[in-house]
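Commentary on secondary and tertiary structure
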Amino acid sequence: MCGIVGYVSGKEDGAPAIVLEGLKRLEYRGYDSWGMASLDSKGGISTLKRVGRIGGAGSAMVARKLGGGGVALGHTRWATHGGISERNAHPHLDCTGRIAIVHNGIIENYQELKAGLVARKHRLSSDTDTEILAHYIEEGMRRGMGFAEATRSIAKRLKGRSAFVALDSSGRQMAAVRLGAPLIVGVGDGGELFISSDVNGFLERTNRVMYIDDDEMALISFRRGAPGAPKFVSVPRGGEVRKRVIKIGWKRESWSKSGYKHFLIKEIMEQKYTIAQAINQDDARIMRVANGIRNAFGVFIVGAGTAGRVCAAGQYLFSDIAKKHVNATVASEFSSYRHYLTRRTLMIAVSQSGETVDLLDAIGVARSKGTRILSLVNVFGSTLMRVSDESLMLNAGTEKSVASTKATTAQLSLLTLLAYATAGRLKEGKRLLLNTAEQVNDMLNPRYEERLRKLARQLRRSRDIFIIGRGVNFPMAEEAAIKLQETSYIHAHGFAGGELKHGPLALIRKGTPCIVLVANDDTKHETISNAMEVRARGGYVIGIAPERNDAFDYWIRVPDAGEASPIVNIIPVQVLAYHLAVARGINPDYPRNLAKSVTVK
Ligand code: M6R
């Protein structure tokens, strides 16, 4: 959470505009306030801070407020410590105004560190944990340390996962410190350097990156014109670390809304081809991975949020298709299972961003037991990919909307394929999923969307929406609830159909919408019976099913996709969630209080 962008060039101007452009691309990481700092012509630091989204702020405005300059820093915030205000927006400065800081993550021991600064009469002007960094660097330098050493010295004392960038205007240096939260260096063609929380902050300008690993810092010096090559230093040891420039390949097409009003609907529609892309994997590699799954002594499949629901679906898929038991666990709870981890255990980590802190912590637990890590991840070069023994890419392209859609179905597709491969039926799995991809392509037509838009208008004033499913469609009911909650802010809850009579049925009143996810499998009849029970109590039953049924007040047809039913069943809910948000006047791309990449606990 929070997006950081830094830029250093030998040019006389343009840096604020370039940082602003990068910040807009990172806005999905946090969007409650934003701010920038740039080095002005007299060598001082100018800052600009605003509450709310970056929105239409343009390069002319930032250049007017900040001047030109070839060096700038920016931050888009998801508040942790301190309310949402200009005072708490980053960058933060030290007492002299010579050091500027932007930060992502949490400094767990900040109160203790802050108390020391207050006692020593530093003037703190925000409620954040971030600001202390500027003052500690100031203090270190006052005691005779160089900027790099002062930065390293406070970095060594921090507890918790974070990343920060410090700008020293007097020494014309920048330090990018990674302590468990992502930060990456981009190397431009003209020798200019970028720092960003992820590649989206600069990918329009360069695809050449240098990875900062955990507990390392990159030092950039720009004393004479263009910056020199960044120097990488180990935070605990202080020694220099050698790095390579790596070229990453990501297409640019997925950066715009391509004529759609929101990223969310664009990404939903992209599922016409992302399912096929997800399973476009090398067969020999898939078989090798599948052998690893088959022979592992204990398999855990772990993710957070929507990815966690996908993992729960994966548990059913491996059981039904491959007769292999895998344990699905939400990442934040994984450490409770540490006693069952050995060198022969396999952990399958599922994530869109590859940066979710709970998942990375879970990996740390698994690693400490020698457990092998296989990841299914969308963002190339992400932390997850880099800490895994093996990674399979989801190939879904950039997913910008906070609500995950195309990455979700890509994860489901790849897990289904792996389950088939584990069963020794890879070809059959591929055939099924390619067929499903075609069915999804047919399904996502304008008439289908229009029907769901009308349903959304009908449901837009609902207080609650319930969703039920059985078998693999139970976790999909939970996922449907996540989608509806984060886009429409309507209270939504997903249940296993069989659990209905154990409590939730008491909440059904006349007209309460209940979405029923039906698959043409051995759960079908019991799911329909549950739908009948809801209807008998006055509930308004919306059936998402391959066939019409008398139990439904409203039928949304989906293809009969066999084992791929979770994929086709969740897509109409995604479309409904999108149109509910629009009907309720909510921007579905930026749900309140949320951010795309959850990098704090
Ligand atoms: O990037 P990840 O897949 O690891 O993210 C996990 C969750 O934060 C994410 O799925 C979240 O629940 C989505 N906003 C749901 O749409």
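Conventions we followed
- Residues numbered from 1 in each chain as written.
- Predicted model: local features only at pLDDT ≥ 70, side-chain atom pairs only at ≥ 80, totals over all residues.
- Heavy atoms only, no water.
- Helix = DSSP H or I, 4+ residues; strand = E, 2+ residues; numbered from the N terminus.
- Rg over C-alpha atoms; globule rule 2.2 N^0.38 Å.
- Buried < 20%, exposed > 50% of the residue type's maximum accessible area, 1.4 Å probe, protein only.
- Contact = heavy atoms within 4.5 Å.
- Areas by Shrake-Rupley, 256 points an atom, 1.4 Å probe, with all protein chains shown as cover.
- Lys, Arg positive; Asp, Glu negative; His and termini not counted.
- Charge placed at Lys NZ, Arg CZ, Asp CG, Glu CD.
- Near = heavy atom within 4 Å.
- Polar contact = N/O pair within 3.5 Å; in protein donor to acceptor, adjacent residues only side chain to side chain.
- Pairing = 2+ DSSP bridges.
- Axes fitted to C-alpha atoms, helices over the stretch in contact; angles between N-to-C directions.
- Domains from an automatic or database assignment.
- Buried area = accessible area lost by both parts, 1.4 Å probe.
- Salt bridge = Lys/Arg side-chain N within 4 Å of Asp/Glu carboxyl O.
- Parallel < 35°, antiparallel > 145°, perpendicular 65-115°, else oblique.
- Left-handed = near helix turned anticlockwise from the far one by under 90°.
- Nonpolar A, V, L, I, M, F, W, Y, C, P; charged D, E, K, R; others polar.

1. Overview of the overall build of the chain
When helices and strands are counted, the chain shows 17 helices and 25 strands. For 601 residues, the compact-globule formula gives about 25 Å, and the C-alpha radius of gyration of the chain, at 25 Å, lands near that figure. Viewed in the frame of its principal axes, the chain has a C-alpha envelope of about 80 × 50 × 45 Å. Considering the chain as a whole, with its 601 residues, one finds that 61% of them fall into the buried category. Here the contacts in the chain between residues at least 6 apart in sequence split such that 70% fall between residues at least 24 apart. For the chain, the computed accessible surface area is about 23000 Å², with 47% contributed by carbon and sulfur atoms. In the chain, 83 positive and 59 negative side-chain charges are present, and the distance between their average locations comes to 2 Å.

2. A look at the site of the ligand
Around the ligand sit 14 residues, and of these Ser 351, Gln 352, Ser 353, Thr 356 and Glu 486 come closest. Between the ligand and Ser 351, the relevant distance is 2.6 Å, taken from an oxygen atom to a side-chain nitrogen or oxygen of the residue. Ser 353 is positioned with one of its side-chain polar atoms (N or O) 2.6 Å from an oxygen atom of the ligand. Within the complex, 91% of the 410 Å² of free accessible area of the ligand lies under protein. At the level of secondary structure, the elements contributing two or more residues to the shell around the ligand comprise α9 (305-322) and α15 (473-488). Per element, the largest residue contribution to the shell around the ligand is 3 residues, and it comes from α9.

3. A look at the sheet that holds strand β25 (residues 554-557)
As summarised here, the arrangement of the 5 strands in space is β22-β21-β23-β24-β25, forming an open sheet in which the pairing is parallel. At either end of the open sheet lies a strand with only one pairing partner, and these are β22 (491-496) and β25. Neighbour-to-neighbour, the strand axes of this sheet turn through a mean angle of 20°, independent of strand direction. Both strand β23 (residues 513-517) and strand β24 (residues 540-545) contribute to a ladder of 5 bridges, which runs parallel. Within β24, the residue paired with Ile 515 across the bridge is Ile 542. In the packing of helix α14 (residues 446-459) onto the sheet, contacts are made with β21 (464-469), β23, β24 and β25, and the angle to β25 comes to roughly 150°. This element, helix α16 (residues 524-536), spans β21, β23 and β24 of the sheet and lies at about 170° to β23.

4. Focus on the side chain of Ser 353
Mapped onto the fold, Ser 353 is located in the loop between β18 (346-351) and α10 (357-368). Polar side-chain contacts of Ser 353 include one of 3.1 Å to the backbone nitrogen of Glu 355. Discounting chain neighbours no more than four positions away, the residues touching Ser 353 are Val 377, Val 379, Ser 382 and Ser 597.

5. Focus on the domain arrangement of the chain
Interface extent is often summarised as the accessible area lost during association of the parts. Under the domain assignment used here, the chain contains domain 1 (3-247), domain 2 (263-444) and domain 3 (445-590). Inter-centroid distance (C-alpha atoms) of domain 1 to domain 2 is 34 Å. Facing 11 residues of domain 1, the contacting portion of domain 2 comprises 11 residues. With both sides pooled, the region where domain 1 packs onto domain 2 buries about 980 Å², and carbon together with sulfur makes up 50% of that total. Connecting domain 1 to domain 2 are 2 salt bridges.

6. Focus: the packing of helix α1 (residues 15-25) against helix α2 (residues 59-66)
Packing of α1 against α2 brings their axes to within 8 Å, and their N-to-C directions diverge by 130°. The pairing of α1 with α2 is recorded here as oblique in orientation. By crossing handedness, the relation of α1 to α2 is classed as right-handed. When α1 is examined against α2, the residues Pro 16, Ala 17 and Leu 20 are found in contact with a partner set consisting of Ser 59, Val 62 and Leu 66. Of the residues assigned to the contact of α1 with α2, the class counts are 5 nonpolar, 1 polar and no charged.

7. Considerations on unusual backbone geometry
In this structure, the amide linkage connecting His 90 to the following residue, Pro 91, adopts the cis form with an omega of 0°. Mapping Pro 91 onto the fold places it in the loop between β4 (71-77) and β5 (92-93). Unlike most non-glycine residues, Lys 323 shows phi in positive territory, near 50°. Within the secondary structure, Lys 323 is located in the loop between α9 and β17 (327-330). Judged by relative accessible area, Lys 323 falls into the exposed class, the value being 66%.

8. A few points about the sheet that holds β5
Strands in a sheet are paired, the pairing made by backbone hydrogen bonds, and the direction either parallel or antiparallel. Here 7 strands make up an open sheet; going across it, the order is β5-β6-β7-β8-β12-β13-β14 and the pairing antiparallel. Only two strands of the sheet have a single neighbouring strand rather than two, namely β5 and β14 (240-241). One ladder, built from 2 bridges, connects strand β13 (residues 231-234) with β14; its direction is antiparallel. Paired with Val 233 across the bridge in β14 is Glu 240. The sheet strands contacting helix α4 (residues 131-142) are β5, β6 (99-105) and β7 (162-168), and the helix crosses β6 at an angle near 135°.

9. Quick word on the side chain of Asn 109
By secondary structure assignment, the location of Asn 109 is in the loop between β6 and α3 (110-119). The buried category is assigned to Asn 109, whose relative accessible area is 9%. Within the local environment of Asn 109, its side chain forms a polar contact with the backbone nitrogen of Lys 159, the two atoms lying 2.9 Å apart. When residues no more than four places from it in sequence are discounted, the contact partners of Asn 109 are Arg 157, Leu 158 and Lys 159.

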